[in-house]
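# Examining the three-dimensional arrangement
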Amino acid sequence: MGLGSVLGGVAPSLAAGAGDFWMPFQGSTTAPAVDRLFYFIFWVSVFFFVLIVGLSLYFVIRYRSRRGHRAEASPHHNTALELTWTIIPLVLVVVIFGWGFTVFMDMTTTPANAYEVQVTGQKWTWFFTYPNGHVDENLHVPVDRPVNLVMTSEDVIHSFFVPAFRLKRDVIPGRYTKTWFRATQPGEYQIYCAEYCGTAHADMLAKVVVHPPGGFERWLEDAGNLLDRMSPAEAGAMLVSSRGCLQCHSVDGRSGIGPTFLGAFGAERPMRDGALVLMDENYVRESILDPNAQITAGYEAVMPTYRGRLTDREITAIIEYLKTLQ
Ligand code: CUA
C-alpha cells in the first residue's frame, strides 16, 4: 500500500475557505452561537460609536467659540438624561454578560457521550492519541459526534486554535485542559498554535479531518495497525511525519533546527565535543531515546526524548526509513 492512500480516504477540503467576509466557515455546533454574540456586540458598538462621535462632532461645531457669541452658564443636572445613559448601558452589559455566560457554559460543558482524544503540544507540533493507542499528526474525528479533547504540553504553553470551530484553549505543561466540539460538516479544517512558543511557532500547524458517517471507524482501524500493513521503511516514513520529526529535521538536505536526514545514515559526523561519530542503528536509537547524549556540532540540545512514546518496532521502522534517504 502506498503512503498516499493512508493519508487519503477523505475528500479534499470543502470548507477551508467557505466563510463569509468577516468570519471563517461555521464548522461546529457552537460556531453560530459564538458568531451571533460577536455580531451583537459588534453592532451595538458600531451604533454607539456613530451616535457618540456624531453628536460630539455636532456639538463641537454647533457650540464652537465665535465672535460676538457669549457662552451660556453651564447646565445643572438633568435627571431624565442621566437615568437614560445609566440604565441603557446597564441593560446592555447585563444582556451581554448573560448571553456570553450561556454560550461559555455550553462551550465548556462536555456532553456525556463524547469521544475522547488526547492532545499533546510539543515544540513545534501537535500529537493526537486515540483510545486504541494510535498517535497521529492530525485530528481525525467523526462528523456530528461530540469530541472531548484532553490536552497537555510536553514543554511550554501552546494554544490549540481551530477558527472554523471557534475553539481556542491553552495547552499547558504539567496539567490537563479540556475542551470539546461537535463538527457539523465533513472536510478539513486548519489547526493553529495561538500562543507564541518559540522559533517555529507559526509552523505548528495541523488539520482537523472530519470524516463522514462510518469513515472515522474505518480510518482508525487502518491507522492503528500501520506496521502490520506496510514495509518498515514505509511505516517509518509515516512515523517521522506523524511524530513531529520533520518539524526540525528535513529530508531534502536543508538544515533546520536539527540536522537533515538526507544522506545522514551511515555517515560520520563531528559531535559538539569534537568526537567523530558514525550514524548507525544504535546512534539513531540513542538519539531518539536520549537526544542529548551526543549532539551534532553546530546544533542546540533542544530535542525532547521519545522514551515511552515510540515502541521498539516503531524505532526500527524509522531507522529503516532513514536508510532509504541517501
Ligand atoms: Cu506552540 Cu506556538
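Here, the structure is the one placed above.
A brief look at the structure comes next. The structure presented is a predicted model; accordingly, all values stated were derived computationally and were not measured.

Let's shift gears to the packing of aromatic side chains. Enumeration according to the criterion identifies 20 aromatic pairs in this entry. Between phenylalanine 38 and phenylalanine 42 the ring centres are 6.1 Å apart and the planes differ by 15 degrees, which places this aromatic pair in the stacked class. Pair noted here: phenylalanine 38 and phenylalanine 42 are both in helix α2 (residues 31–62), with a separation of 4 residues, about one helical turn. Classification of phenylalanine 38 by relative accessible area gives partly exposed; the value is 40%. One Lys or Arg, lysine 168, reaches over the ring of phenylalanine 161 and ends 4.6 Å from the middle of that ring.

What follows concerns the pattern of salt bridges. Scanning the entire structure with this criterion turns up 8 salt bridges. Here arginine 243 and glutamate 314 are joined by a salt bridge, their closest N and O atoms 3.4 Å apart. With arginine 243 in the loop between α6 (232–242) and β11 (268–270) and glutamate 314 in helix α8 (residues 312–324), this residue pair connects regions lying 71 residues apart in the sequence. For the pair formed by arginine 243 and glutamate 314, the shared burial category is buried. Between arginine 254 and aspartate 252 there is a salt bridge, and its shortest N-O distance comes to 3.0 Å. Residue arginine 254 is classed as exposed on the basis of its relative accessible area, which comes to 57%. Classification of aspartate 252 as partly exposed rests on a relative accessible area of 44%. Within this structure, Glu281, Glu320 and Lys323 form a network of salt bridges that share partners.

Tracing the backbone through its elements, the reader meets serine 250 in the loop between α6 and β11. As a C-alpha pair, serine 250 and proline 173 span 77 residues in sequence and 27 Å in three-dimensional space. Excluding residues within four positions of it along the chain, serine 250 makes contact with Pro259, Thr260, Phe261 and Leu262. Of the polar contacts made by the side chain of serine 250, one reaches the side chain of threonine 260; its length is 2.8 Å.

Here we take up the pairing of strand β6 (residues 158–162). Every other side chain in a regular strand lies on the same face of the sheet, so the side chains alternate between the two faces. Within β6, 4 of the 5 residues are buried, which leaves the element mostly enclosed by the surrounding structure. With 5 bridges joining them, β6 and strand β7 (residues 167–171) adopt antiparallel strand pairing. Each residue of the ladder has a partner; that of serine 159, found in β7, is aspartate 170. The hairpin turn running from β6 into β7, its antiparallel successor, is 4 residues long, and arginine 166 in that turn takes a positive phi close to 55 degrees. Across 2 bridges, β6 lies against strand β9 (residues 187–193) in antiparallel orientation. Of the residues in β9, the one forming a bridge with phenylalanine 161 is tyrosine 192.

With respect to the helices, strands and loops of the structure, histidine 249 is situated in the loop between α6 and β11. Looking at histidine 249, the relative accessible area reads 15%, which means it is buried. A distance of 2.7 Å separates a polar atom in the side chain of histidine 249 from the backbone oxygen of proline 259. Setting aside chain neighbours within four positions, we find histidine 249 in contact with Gly258, Pro259, Phe261 and Met303.

For the rest of this paragraph, the subject is α8. In this model α8 runs 19 Å from its N-terminal to its C-terminal C-alpha over 13 residues, within 8% of the 18 Å that 1.5 Å per residue would give. Among the residues of α8, Glu314, Ile315, Ala317, Ile318, Ile319, Tyr321 and Leu322 are the ones counted as buried. As for α8, its buried residues are in contact with α5 (226–229), α6 and α7 (281–289).

Here we take up the nonpolar core. Leu139 and Phe160 are the most contacted members of the largest nonpolar core, which totals 36 residues. Looking at this core, the element that brings in the most residues is helix α4 (residues 215–224), giving 4 residues. Contacts of leucine 139, omitting those with residues within four sequence positions, involve Val117, Phe128, Tyr130, Leu149, Phe160, Phe181, Ile191, Lys207, Val208 and Val209. Grouped together as the second largest cluster of nonpolar side chains are 29 residues, Val135, Met238, Val277 and Ile315 included.

About the thresholds
- Residues numbered from 1 in each chain as written.
- Predicted model: local features only at pLDDT ≥ 70, side-chain atom pairs only at ≥ 80, totals over all residues.
- Heavy atoms only, no water.
- Phe/Tyr/Trp six-rings, centres within 6.5 Å; stacked < 30°, edge-to-face > 60°.
- Helix = DSSP H or I, 4+ residues; strand = E, 2+ residues; numbered from the N terminus.
- Buried < 20%, exposed > 50% of the residue type's maximum accessible area, 1.4 Å probe, protein only.
- Lys NZ or Arg CZ within 6 Å of the ring centre and 35° of its normal.
- Salt bridge = Lys/Arg side-chain N within 4 Å of Asp/Glu carboxyl O.
- Contact = heavy atoms within 4.5 Å.
- Polar contact = N/O pair within 3.5 Å; in protein donor to acceptor, adjacent residues only side chain to side chain.
- Pairing = 2+ DSSP bridges.
- Expected span 1.5 Å × (residues − 1).
- Core = buried A, V, L, I, M, F, W, Y, C linked by side-chain atoms within 4.5 Å.

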